[in-house]
Amino acid sequence: EERLRFLPALMSVLDNYLIISGVMVGYENGDYFMVRHLAVEQERQVYNAPPETDVLVSSITHKGARHEHLFYTADMKLIQRRPSAWEKTFNPRTRPWFQAALRSDTFAETSQFLLFSRIPVIIFSQKTPSGQAVVGVDVTVRQLSDTLKRELPTPNSRLSLLRADGTLLASANPSTLTEAEGRARMRTVEDLSPVMRMAVQGYLRGERGRGIGINDGRQDWEVSLE
């Protein structure tokens, strides 16, 4: 109940920074508190959320053995409050974002990974001054991809954001997952079109800037590598 009093402050983060989809806090005693927009039907189904749900609050209190989900409408009216069975096995102290923040004196970035809902996210986290908790925010790849899609100069353009190791962070083509042997994995540069693969190879060779010409065997492209 004490943490719920901070809900308006956490919601202001989500409302003012639209690229952030969730705010989470993990405590040194294993407690956990999360506020998250359920922006896609896939997530609502995973959490078995009521149809009108816009915001999910997840709370774990080990001392009182309480594991709850609270579902809210877009104007923050409580729809339902119920126990959560699956979170009894969840411990934030074992999560990469929690451990990375404890090792860092500033904020830590957790490489892209799949949530329980199979939604790919990137988490940025930082420990509190007391060191007794870690606060994190997550950015969904879908939101990054939507941002890139709005930046396309022409309908036939290609636009992607990748890590140096070739992992695809986001693309104007919103699909960043692919199926391999029945399992989902993050797409890499090898899953992209020939011109994008050639562009990345050029970047790794040290090419930078705009107006770089590439022929992918079918047509000429003008490429910008930043």
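Predicted model, so just to flag it, every value in this text is computed and none were measured.

Caption draft 1: Local environment of the overall build of the protein. Across its full length, the protein holds five helices and 14 strands. When each of the 226 residues of the protein is scored for burial, the buried share is 42%. In the protein, once contacts between residues fewer than 6 apart in sequence are set aside, the share between residues at least 24 apart is 42%. When the accessible area of the protein is evaluated, it comes to approximately 13,000 Å², of which 51% is carbon and sulfur surface.

Caption draft 2: View of the pattern of salt bridges. In this structure the tally under the stated criterion is ten salt bridges. E68 is the partner of R66 in a salt bridge, and the nearest nitrogen-oxygen pair spans 3.2 Å. A residue is classified by how much of its surface remains accessible, and E68, at 15% relative accessible area, is buried. Across the pair K77 and D75 runs a salt bridge whose closest N-O atoms are separated by 3.9 Å. Looking at K77, the relative accessible area reads 55%, which means it is exposed. Where salt bridges share partners, they join E1, R66, E68 and R81 into one cluster.

What counts, and at which threshold
- Residues numbered from 1 in each chain as written.
- Predicted model: local features only at pLDDT ≥ 70, side-chain atom pairs only at ≥ 80, totals over all residues.
- Heavy atoms only, no water.
- Helix = DSSP H or I, 4+ residues; strand = E, 2+ residues; numbered from the N terminus.
- Buried < 20%, exposed > 50% of the residue type's maximum accessible area, 1.4 Å probe, protein only.
- Contact = heavy atoms within 4.5 Å.
- Areas by Shrake-Rupley, 256 points an atom, 1.4 Å probe, with all protein chains shown as cover.
- Salt bridge = Lys/Arg side-chain N within 4 Å of Asp/Glu carboxyl O.

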